[in-house]
Amino acid sequence: MAHFLTYLLLSFLIIYDSLGLSQSNQFCDAGVGYPESTCGFSSSSSSSSSKLLIKGGTVLNAHQQEVADVYVEDGIIVAVKPNIKVDEDVTLLDATGKYVMPGGIDPHTHLAMEFMGTETIDDFFSGQAAALAGGTTMHIDFVIPVNGSLVAGFEAYKKKAKKSCMNYGFHMAITKWDESVSREMEIMVKEKGINSFKFFMAYKGSLMISDELLLQGLERCKSLGALAMVHAENGDAVFEGQKRMIDLGITGPEGHALSRPPVLEGEATARAIRLAKFVNTPLYVVHVMSIDAMEEIARARKSGQKVIGEPVVSGLVLNDSGLWDPDFVTAAKYVMSPPIRESGHDKALQAALSTGVLQLVGTDHCTFNSTQKAFGIDDFRKIPNGVNGIEERMHLVWDTMVESGQISVTDFVRITSTECARIFNIYPRKGAILVGSDADIIIFNPNSSFEISASMHHSRTDTNVYDGRKGKGKVEVTIVGGRVVWQDDELKVVPGSGKYIEMPPFSYLFNGIDKADAKYLSSLQAPVKRYFTAS
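Residues numbered from 1 in each chain as written. Predicted model: local features only at pLDDT ≥ 70, side-chain atom pairs only at ≥ 80, totals over all residues. Heavy atoms only, no water.

Where an unreviewed UniProt entry is consulted, the protein appears under the name dihydropyrimidinase, with the organism given as Gossypium darwinii. The annotation that UniProt attaches to the protein under Catalytic activity (unreviewed entry) is "5,6-dihydrouracil + H2O = 3-(carbamoylamino)propanoate + H(+)". (UniProt positions renumbered as here; feature names shortened; annotations may be inferred.)

**Student:** In this structure, what is going on with the overall build of the protein? I would like to understand it.
**Tutor:** Each helix and strand in the protein was counted, giving 17 helices and 19 strands. Compactness check: the protein gives a C-alpha radius of gyration of 24 Å against a globular reference of 24 Å for 535 residues, within 12% of the reference. Across its three principal directions, the C-alpha atoms of the protein cover 100 × 70 × 45 Å. Burial status across the protein gives 59% buried among its 535 residues. Put simply, 77% of the contacts in the protein that link residues at least 6 apart link residues at least 24 apart. As presented, the protein carries roughly 21,400 Å² of accessible surface, and 53% of it is formed by carbon and sulfur atoms. The distance from the centre of the 51 positive side-chain charges to the centre of the 63 negative ones in the protein is 7 Å. (Helix = DSSP H or I, 4+ residues; strand = E, 2+ residues; numbered from the N terminus. Rg over C-alpha atoms; globule rule 2.2 N^0.38 Å. Buried < 20%, exposed > 50% of the residue type's maximum accessible area, 1.4 Å probe, protein only. Contact = heavy atoms within 4.5 Å. Areas by Shrake-Rupley, 256 points an atom, 1.4 Å probe, with all protein chains shown as cover. Lys, Arg positive; Asp, Glu negative; His and termini not counted. Charge placed at Lys NZ, Arg CZ, Asp CG, Glu CD.)

**Student:** Honestly, the UniProt feature "modified residue: N6-carboxylysine" (unreviewed entry) in the protein in this entry has me stumped. Any pointers?
**Tutor:** UniProt's feature table lists "modified residue: N6-carboxylysine" (unreviewed entry) at Lys198, given in the numbering used throughout. Relative to the elements of secondary structure, Lys198 occurs in strand S11 (residues 196–200). Apart from residues no more than four positions distant in its own chain, Lys198 is found in contact with His108, His110, Phe142, Met172, Ala173, Ile174, Met229, His231 and Val286.

**Student:** Looking at this structure, how should I read unusual backbone geometry?
**Tutor:** Trans is the common state for peptide bonds, and a negative phi is the common state for residues other than glycine. Between Ser337 and the following residue, Pro338, the backbone shows a cis peptide bond with an omega angle of -10°. The peptide bond linking Tyr427 to Pro428 adopts the cis configuration, its omega dihedral lying at 5°. Structurally, Pro428 can be placed in the loop between helix H16 (409–423) and strand S15 (441–451). With a phi close to 50°, Asp74 is a non-glycine residue in the positive phi region. Given a relative accessible area of 58%, Asp74 falls into the exposed group. Positive phi, close to 65°, is recorded for Asn280, a residue that is not glycine. With respect to the helices and strands, Asn280 occurs in the loop between helix H9 (262–279) and strand S13 (283–285).

**Student:** So what exactly am I meant to see when it comes to the environment of Met172 here?
**Tutor:** By the element assignment, Met172 lies in strand S10 (residues 167–174). Since its relative accessible area comes to 0%, Met172 is described here as buried. Expressed as a C-alpha distance, the spacing of Met172 and Glu66, which sit 106 residues apart in the sequence, is 38 Å.

**Student:** It is not clear to me how the packing of helix H6 (residues 211–224) against H9 should be interpreted in this structure. Could you clarify?
**Tutor:** Between two packed helices, both the angle of their axes relative to each other and the distance between the axes serve to describe the pair. Relative orientation of the contacting elements H6 and H9 amounts to 45°, with a least axis distance of 10 Å. Taken together, H6 and H9 sit at an angle that is classed as oblique. For the crossing formed where H6 meets H9, the hand is right-handed. Here H6 contributes Asp211, Leu214, Leu215, Leu218, Glu219 and Lys222 to the contact with H9, which in turn contributes Arg271, Leu275, Ala276, Phe278 and Val279. (Axes fitted to C-alpha atoms, helices over the stretch in contact; angles between N-to-C directions. Parallel < 35°, antiparallel > 145°, perpendicular 65-115°, else oblique. Left-handed = near helix turned anticlockwise from the far one by under 90°.)

**Student:** What is the right way to look at helix H10 (residues 291–302) in this model?
**Tutor:** With twelve residues, H10 extends 16 Å from end C-alpha to end C-alpha; this agrees with the ideal 16 Å at 1.5 Å per step. Where H10 is buried, its residues meet H9, S13, strand S14 (307–309) and helix H13 (345–354). At the C-terminal side of H10, Gly304 shows a positive phi close to 100°. (Expected span 1.5 Å × (residues − 1).)

**Student:** What am I meant to see in the nonpolar core here?
**Tutor:** Among the nonpolar cores identified, the biggest contains 115 residues, and Met101, Phe170, Phe197, Phe199, Val230 and Leu283 are the most heavily contacted of them. With sequence-adjacent residues up to four places away left out, Phe197 is seen in contact with Leu150, Met172, Ile174, Met185, Met188, Val189, Cys221, Ala226, Leu227, Ala228 and Met229. (Core = buried A, V, L, I, M, F, W, Y, C linked by side-chain atoms within 4.5 Å.)

**Student:** Explanation requested: the packing of helix H5 (residues 179–191) against H6 in the structure shown.
**Tutor:** At a minimum axis separation of 11 Å, H5 and H6 run at an interaxial angle of 35°. In terms of crossing hand, the pair formed by H5 and H6 is right-handed. In this structure, H5 uses Ser182, Met185, Glu186 and Val189 to contact H6, whose residues at the interface are Gly217, Arg220, Cys221 and Leu224.

**Student:** How should empty space enclosed by the protein be read in this particular structure?
**Tutor:** Here the idea is plain: a probe the size of a water molecule rolls over the atoms and shows the empty space left. In the structure shown here, the tally under the stated rule is five cavities of 30 Å³ or more. The computed volume of the largest cavity comes to approximately 110 Å³. If you trace the largest cavity, you find 15 residues lining it, with His110, Phe115, Tyr203, Asp364 and Cys366 closest to the centre. Counted by class, the lining of the largest cavity contains seven nonpolar, six polar and two charged residues. (1 Å grid on protein atoms, 1.4 Å probe; cavity = no way out; pocket = protein on both sides within 12 Å on 5 of 7 lines; lining within 4 Å. Points joined across faces, edges and corners; volume = space filled by probe spheres on them. Nonpolar A, V, L, I, M, F, W, Y, C, P; charged D, E, K, R; others polar.)

**Student:** Sorry if this is basic, but what is going on with the pairing of strand S2 (residues 65–73) here?
**Tutor:** Direction of pairing for strand S1 (residues 51–60) relative to S2: antiparallel, over a ladder of eight bridges. Pairing of Leu60 across the sheet is with Gln65, part of S2. Linking two consecutive strands that pair antiparallel, namely S1 and S2, is a turn of four residues. With five bridges joining them, S2 and strand S3 (residues 76–81) adopt antiparallel strand pairing. Residue pairing for S3: Val70 is matched across the bridge by Val80. (Pairing = 2+ DSSP bridges.)

Dropping the structure here:
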């Protein structure tokens, strides 16, 4: 009987989805080719002029704020100073009483990703459109290799990104190890503009790698000047935890969190940090969700080790109570890995972000609709992992961190844009309002307010983990490459207008690595010249 009811529910959801009824927002719901009549996007630029003047705003950079005008020509910022005089052939934007700041850069997204037997509902158009509506002008997505091949994976993602409408870059995942992977890593760095590689310590049987592979990968990253990134959970222990929950009869979404507790995130974080120290290479820990992981990062940074900690919005503003909701659709939408933690972890992560223990905020935007999530209605292990956030990040971080007084307005720019640009070596081209920087700019009204709704967002998913949340501060204008793409709550973008941003190796995190290596070698006091004494 239970299996019949499951079949009935899944059948209903699939029919519901096929009719388009589950799509809460038809704004980005066009099919192949995205006809504008059904997608609501304008193909025309917001102005015919390649010149843009933003007047009277308070310009925010990570290092300072100043009241100044910003003048843009051909997509580049050419002047930042008060009272700029221009000719008539210029588009004017009044930013009086508002902040003018670099567009957000989201370091962690998964668009059009094939995972757990399905594919994320947001592709490189709908996901990017959502990002632009939320003030994010660039994101870095994770390329998954094809049968272990990095080159094949890169080509596949290049094809997926043809419909892009904003700036994007790529990280590369490493899922196996041999000489061909090592050679392809060099190709990625020297020819394809990728300067970071991700290693999954979780997802046993699919993406998970061994400690031996991680060590080899860390060594190769170091030699190439590429940043090693880890998804830090003990995959073997998670696998055992999942079996434990199933044996206890816990098959619902709450089993997901119970099977992979914070201690397993802390253990893997500690292990990755120590292996990176052994190799002496920088480490980036993605989606830090727990006090356990955060404390390991704090300890390493205090000792002088180069470790970057990236919390994501869901971990900063949510707790795990939603996983116990009696409605499956509601509970399943919160399933992600590492899990959203119980209350208390969120506040601790906020404090760590405000004090510099954690350095920047991502989203891990990896969206599946309710039909896809229902694949695991009888078994939480089959619920596709992922939540939304690419559109909501800037607003939620402002409301949670700035409005509460935990960080300054310049810190906001640092954790949502500038630090990401520095870590991935594209600053000050990105992440700054400076002469010569790309004109990726947002106008932000601190006195306006926002409300998040699954029925109004620009993602294709029919649920939203932040649904109903209200706050202060709103992105009113988004500018990419000097072109206004979001204004008056209207998007003006078309597929194919995006730009791939190459990211060179050897960011500031590699400064001093060679000296540390030399110091280590000189400290060994070995080999010792010995002699043998005959008895």
